[in-house]
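What the coordinates show
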Amino acid sequence: MLEFDGLHKSYGDHHVLEGVGFTVAPGSMFGFCGSNGAGKTTTMRIAMGLARADAGEVRWRGRPLDEESRRRIGYMPEERGLYPKMRVGEQLTYFARLHGLDAAAAARAAEEWAGRLGLGERRRSRVEELSLGNQQRVQLAAALVSRPEVLILDEPFSGLDPVGVDALADALLEQCRGGVPVVFSSHQLDLVERLCDSVGILARGRMVATGTVEELRRRESGRVLRVVVPDAAPGWAGAVPGVSVVSEQAGDTLLDLAEGADDQAVLAAALRTGRVTHFAWRQATLVELFREAVADPAQQAARQEVAA
Amino acid sequence: MSAPLSSGQLVRLVAAREVSTRLRDKTFLVSSAVMLLIILGILVFQAVVNSGSDENRIGVVGDPGALGPALEAQGELLGRDVTVVGLDDDVAARTAVEDEDVDAAVLGATGGAPELLVRESDPTVEGLVSGAVGAVALQRVLTEAGVDPGGLPQLTVTALDESSAAAGQRTAVALVGVVLLYSLIVLFGQFVAQGVVEEKASRVVELLLATMRPWHLLAGKILGLGALGLAQIALIAVIGVGGALAFDVVDVPGDLIGTVGWVLFWFVLGYALFASLFAVAASLVSRQEDLGSVLTPATLVLFVGFVVAIQAAGDPDGTAAVVTSFVPGLSPMVMPVRQAAGDVAAWEVAVAVVLMLVAIALVVRLGGRVYSGALLRTSGKTKLKEALRAGRA
């Protein structure tokens, strides 16, 4: 288990993290979401020993991370960084050696990863001569080349074209299948939803939601049912117990069901009006969940007042 | 799969990368080659100048007889190697002088009106020949008069400042050494500083610090480039000393080697101090353009030391030279010149070395803290105080 436990960090009076904690199981992928400046990068840098937490710790296999165990983590910083004048192959070899591989193993691993990420022909090029997309691949290769036990990637998908996104996603899924816990941050929530076993949403220095996307949906207060009844008169559902109408437009009705309300009673009421062309629980997208989760409580209250 | 790495291994990995990067850097290779060529050029020039002035071929028409040895003896007095060449007649003498086969030719050497043939007037050769001719004539007259020339008073020479010539030569070697030491400290100090900024500017430092501590990175960089710098100055020293001995530019090989050894020793101390200072200063900025301004103070100290060292060659026991030869930062340039040119007691050298070591220890301790505090602040310039505070946290 990779455990982030009660991380606190402040710079002067500015509290960046106020008790951030989550767990990532081996072989699972954790999507780390949050608005800009929410503290994702700081959390990852604390894990890598690049920033010191005021309180809390990060553990791998039950032990706090130290210099030695960090060497077995593959890391991709938000600010990409490579030696611009060093050749791709040498650079990967160097990073592999810094992670503890001996010279021969490092050279083999560098060659292998350059090949797997489609950089085989650019092995002898200097990094500064590569396109941005290819530099990104080198950066990823630098994180993977040491066969890490854990992957921590800060915004790995930013700046990639769709083909690059797919290649990276495949590489990460493969690492996952190999039993590596993967943590990555991203603003591309569709990707997070597609790839991740669990998601954590960070807002104002706290985890406001963690769990699988499914769990987050279930946790969402109330459940929304969409029913399309073309022949119904307006207000047809108002009488069903525990149901409030969110919106109604020419029979296309969104209903909010309170805890314990019977969806079958709604269906019966709908059938009484005539034809039912659509009846389904509406799946909240991660984007909606995210908006809900990160919304400032003060602002949310204000919005509800306006609505009322 | 991966074995734990010791600090030593990490430092070595960093150092090896620095060395291999520099060894493939064309600018570095060209500048090294130019430096070697300059040293070789100086040696060849010295050798040519020396041989040109130290040797004379003097032609004598007819049998030189007693004049031959007299010319050689006279030459010895004037510090020149004289070779006497026999010539058949006046015509042959003229041709030999015109062809520069000989520097001068003596006609009618044994007669009453000897004549000296030269291409252009050369007072040394003229004095040499006229002295020889005069000596031979005097001897003949004396012998004819029945006086024993051995009874004439002989001049005995006593040199009061026996060591001055050797000291002069040592000073010259020390000066060349200090010029080299200064240039190489500046060059390799710049390499260290540029390397630090390159890592900050390209943000690769974050990836590096995820695997090692700041001091590993700093030590590896300084040791790697330092080894390269030492190798370069040692190579120049070996070629220089070898060349000087081969071309006979110096007279006292022992002195030469001793002086070169001290220059190498002071290079190591000077480099250790200035490379650390440069690295720490460089860690405060994140763009190569800002490097100049933060390096200026340390560069100035280095330059002052250099200027004082040059002056110390003329006045090794002057107050300025004596005082600065103890000041850390200045001593690596002034002390070797004083050691070569003047009288320096062993305790003086020891004090200067200890002071220098203390300074290095201080810079490494405090500087290491600044360096680790400033390294991850990759935006703009970091203030020294902030870096110190961050380094302590």
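Every chain begins its residue count from 1, and numbering advances along the sequence as written. Chain letters and ligand numbers both follow the written order, the letters beginning at A and the numbers at 1. For this predicted model, a pLDDT threshold of at least 70 governs which residues receive local features, and a threshold of 80 or more governs which side-chain atom pairs are given and counted, while totals over whole chains, interfaces and linings are taken from all residues. The side-chain figures draw on all heavy atoms in the structure; neither hydrogens nor water molecules are used.

Time to look at the packing of aromatic side chains. When we look at a pair of aromatic rings, we describe it by the centre distance and by the angle of the planes. The rule is short: rings of Phe, Tyr and Trp, with Trp giving its six-membered ring, pair when the centres are within 6.5 Å, and they are stacked under 30 degrees, edge-to-face over 60, tilted in between. Within the structure shown, the criterion is met by 16 aromatic pairs over all chains. Seen from their ring centres, A:Phe22 and A:Phe30 are 4.2 Å apart, and the 5° between their planes marks the pair as stacked. Any residue under 20% of the maximum accessible area for its type is buried, any over 50% is exposed, and the rest in between are partly exposed; the area is computed with a 1.4 Å probe on protein chains only. Overall, the relative accessible area of 7% leaves A:Phe22 in the buried class. A centroid spacing of 5.3 Å and a plane angle of 80° characterise the contact between B:Phe188 and B:Phe191, whose relative ring orientation is edge-to-face. Of the two residues, B:Phe188 and B:Phe191 are both situated in helix α6 (residues 164-201); the distance of 3 residues between them amounts to about one turn of the helix. B:Phe191 gets classed as buried once you look at its relative accessible area, which sits at 8%. In textbook terms, an aromatic cluster arises when at least three aromatic residues are bridged by ring pairs, as seen for A:Phe4, A:Phe22, A:Phe30 and A:Phe32. Comment: the charge-over-ring label is applied if NZ (Lys) or CZ (Arg) is within 6 Å of the ring centre and within 35 degrees of the ring normal. In this arrangement the basic side chain of A:Arg116 is found over the ring face of A:Trp113, its NZ or CZ atom lying 4.2 Å from the centre. Above the face of the B:Phe191 ring, B:Arg22 is positioned so that its terminal group lies 3.9 Å from the ring centre. For the purposes of this entry, the term helix denotes a DSSP run of H or I that reaches at least four residues, the term strand denotes a run of E that reaches at least two, and both are numbered from the N terminus.

With that settled, the discussion passes to the interface of chain A and chain B. Two residues qualify as a contact provided that any one of their heavy atoms is within 4.5 Å of a heavy atom in the partner residue. If you look at the interface, chain A gives 30 residues, while chain B gives 26 residues. With both sides pooled, the region where chain A packs onto chain B buries about 2,700 Å², and carbon together with sulfur makes up 59% of that total. Take a side-chain nitrogen of Lys or Arg and a carboxyl oxygen of Asp or Glu: if they are within 4 Å of each other, that pair is a salt bridge. Where chain A touches chain B, the interface holds 4 salt bridges. Of the charged contacts in the structure, one is a salt bridge between B:Arg24 and A:Glu90, with a shortest N-O distance of 2.7 Å. Once two parts are joined, some of their accessible surface, as seen by a 1.4 Å probe, is lost; buried area is that loss totalled over both.

Quick look at helix α6 (residues 162-177) of chain A now. Residue and element names in this part refer to chain A. To estimate how far a helix should reach, multiply one less than its number of residues by 1.5 Å. Helix length check: α6, at 16 residues, gives a terminal C-alpha distance of 22 Å against a target of 22 Å (1.5 Å per residue), a fit within 8%. What α6 keeps buried is the set Gly164, Val165, Leu168, Ala169, Ala171, Leu172, Gln175 and Cys176. Seen from one end, α6 has its buried residues packed into an arc of 165°, which puts them on one side. Those residues of α6 that are exposed and angled more than 90 degrees off the buried face are Pro162, Val163 and Arg177. On its buried face, α6 is in contact with β3 (29-34), α4 (103-116), α5 (132-144), β7 (150-153), β8 (182-185) and α7 (189-195). Once α6 finishes, Gly179 follows within two positions and takes phi at roughly 95°, a positive value. The arc refers to the directions leading from the helix axis to the C-beta atoms.

Before going further, it helps to examine the pairing of strand β9 (residues 198-203) of chain A. All names here are of chain A. The buried fraction of β9 is high, at 6 of 6 residues. Of the two faces of β9, the one lined by Ser198, Gly200 and Leu202 and the one lined by Val199, Ile201 and Ala203 are each fully buried. A pair of strands counts as paired when DSSP detects no fewer than two bridges linking them. Relative to β9, β3 runs parallel, the two sharing 5 bridges. Paired with Cys33 across the two strands is Ile201, which belongs to β9. The pairing of β9 with strand β10 (residues 206-211) spans 5 bridges and is classified as antiparallel. Across the sheet, the residue bridging to Gly200 is Thr210, located in β10. The turn linking β9 back onto β10 is made up of 2 residues, and Arg204 within it adopts a positive phi angle of 50°.

Quick look at a nonpolar patch on the surface now. Residue and element names in this part refer to chain B. On the surface, Val30, Val34, Ile38 and Ile42 cluster together into a nonpolar patch covering about 340 Å² of accessible area. Following the sequence through the fold, Ile42 ends up in helix α2 (residues 26-54). For Ile42, a relative accessible area of 43% translates into the label partly exposed. Patch criteria: residues need more than 30% relative accessible area and no salt bridge. Like-charged residues are merged within 9 Å; nonpolar side chains of Val, Leu, Ile, Met, Phe, Trp and Tyr are merged within 5 Å. Note on areas: these come from Shrake-Rupley sampling with a 1.4 Å probe, and a residue is covered only by the protein chains present in the view.

To continue, consider the packing of helix α10 (residues 291-312) of chain B against helix α12 (residues 331-341) of chain B. Helices that pack against each other are described as a pair by the angle of their axes relative to one another and the distance between those axes. All names here are of chain B. The angle between two axes is taken between their N-to-C directions and runs from 0 to 180 degrees, where each axis is a line fitted to C-alpha atoms and a helix contributes only its stretch in contact. Where α10 contacts α12, the axes come no closer than 8 Å and their chain directions differ by 10°. In this view, α10 runs roughly parallel relative to α12, as classed from their interaxial angle. Counted together, Leu302, Gly305, Phe306, Val308, Ala309 and Ala312 of α10 and Met333, Val334 and Val337 of α12 form the full contact between these two elements. For this scheme, ten residues count as nonpolar: Ala, Val, Leu, Ile, Met, Phe, Trp, Tyr, Cys and Pro. Four count as charged, namely Asp, Glu, Lys and Arg, and the remainder, Gly too, count as polar. Of the residues contributing to the contact of α10 with α12, the split by class is 8 nonpolar, 1 polar and no charged. Angle categories are assigned with fixed cut-offs, so that under 35 degrees is roughly parallel, over 145 is roughly antiparallel, 65 to 115 is roughly perpendicular, and the rest are oblique.

Turning next to the sheet that holds β9(A). Residues and elements named next belong to chain A. With mixed pairing, the 6 strands of this open sheet are ordered in space as β6-β7-β8-β3-β9-β10. Because the sheet does not close on itself, it has two edges, and the strands there are β6 (73-76) and β10. Across the sheet, the mean angle separating the axes of adjacent strands is 15° when strand polarity is ignored. Relative to β8, β3 runs parallel, the two sharing 4 bridges.

Once that is clear, we can look at the sheet that holds strand β2 (residues 81-87) of chain B. Residues and elements named next belong to chain B. Strand order in the open sheet formed by 4 strands is β2-β1-β3-β4, with mixed pairing between adjacent strands. Edge positions in the open sheet fall to β2 and β4 (115-118), since each of these has one partner strand only. Between one strand and the next, the sheet's axes are offset by a mean angle of 25°, whatever the strand orientation. Note: strand β3 (residues 104-107) against β4, 4 bridges, orientation antiparallel. Its bridge partner being in β4, Ala104 is matched across the sheet by Val118. Contacting β1 (55-61), β2 and β3, helix α3 (residues 67-77) crosses the sheet at an angle of about 155° to β2.

The next point concerns the packing of helix α3 (residues 88-98) of chain A against α4(A). All names here are of chain A. The N-to-C vectors of α3 and α4 enclose an angle of 130°; their axes lie 8 Å apart at closest approach. When the axes of α3 and α4 are compared, the pair comes out oblique. The interaxial crossing formed by α3 with α4 has right-handed handedness. Contact residues: Gly89, Leu92, Thr93, Ala96 and Arg97 in α3; Ala103, Ala106, Ala107, Ala110 and Ala114 in α4. Here is the rule for handedness: rotate from the far helix to the near one, and if that takes an anticlockwise turn smaller than a right angle the crossing is left-handed, while a clockwise turn gives right-handed.

Following the sequence through the fold, A:Ser198 ends up in strand β9. Those residues in contact with A:Ser198 that sit more than four places away from it in its chain are A:Met29, A:Phe30, A:Gly31, A:Gly211 and A:Thr212.

What follows is about the layout of surface pockets. Picture a little ball the size of a water molecule; that probe, rolled over the atoms, points out where space is still empty. Method remark: on a 1 Å grid restricted to protein atoms, a set of points is classed as a cavity if a 1.4 Å probe fits but cannot get out and as a pocket if it is open with protein on both sides within 12 Å along at least five of seven lines; lining residues have an atom within 4 Å of a point. Grid points are joined across faces, edges and corners, and a volume is the space filled by probe spheres set on the points. Its volume calculated, the second largest pocket comes out at about 900 Å³. Lining the second largest pocket are 29 residues, with A:Lys85, A:Met86, A:Glu90, B:Thr21 and B:Arg24 sitting closest to its centre. For the lining of the second largest pocket, the secondary structure elements donating two or more residues are α3 and α4 of chain A together with α1 (7-23) and α6 of chain B. Ranked by residues supplied to the lining of the second largest pocket, first place goes to α1(B) with 7 residues. Among the residues forming the lining of the second largest pocket, the class breakdown is 7 nonpolar, 7 polar and 15 charged.

What follows concerns the pattern of salt bridges. Residues and elements named next belong to chain A. Counted under the stated rule, the structure contains 28 salt bridges over all chains. Close ionic contact of Glu128 with Lys85 constitutes a salt bridge, the shortest N to O distance being 3.5 Å. With Glu128 in the loop between α4 and α5 and Lys85 in the loop between β6 and α3, this pair connects stretches of sequence that are 43 residues apart. Where salt bridges share partners, they join Glu3, Asp5, Glu57 and Arg59 into one cluster.

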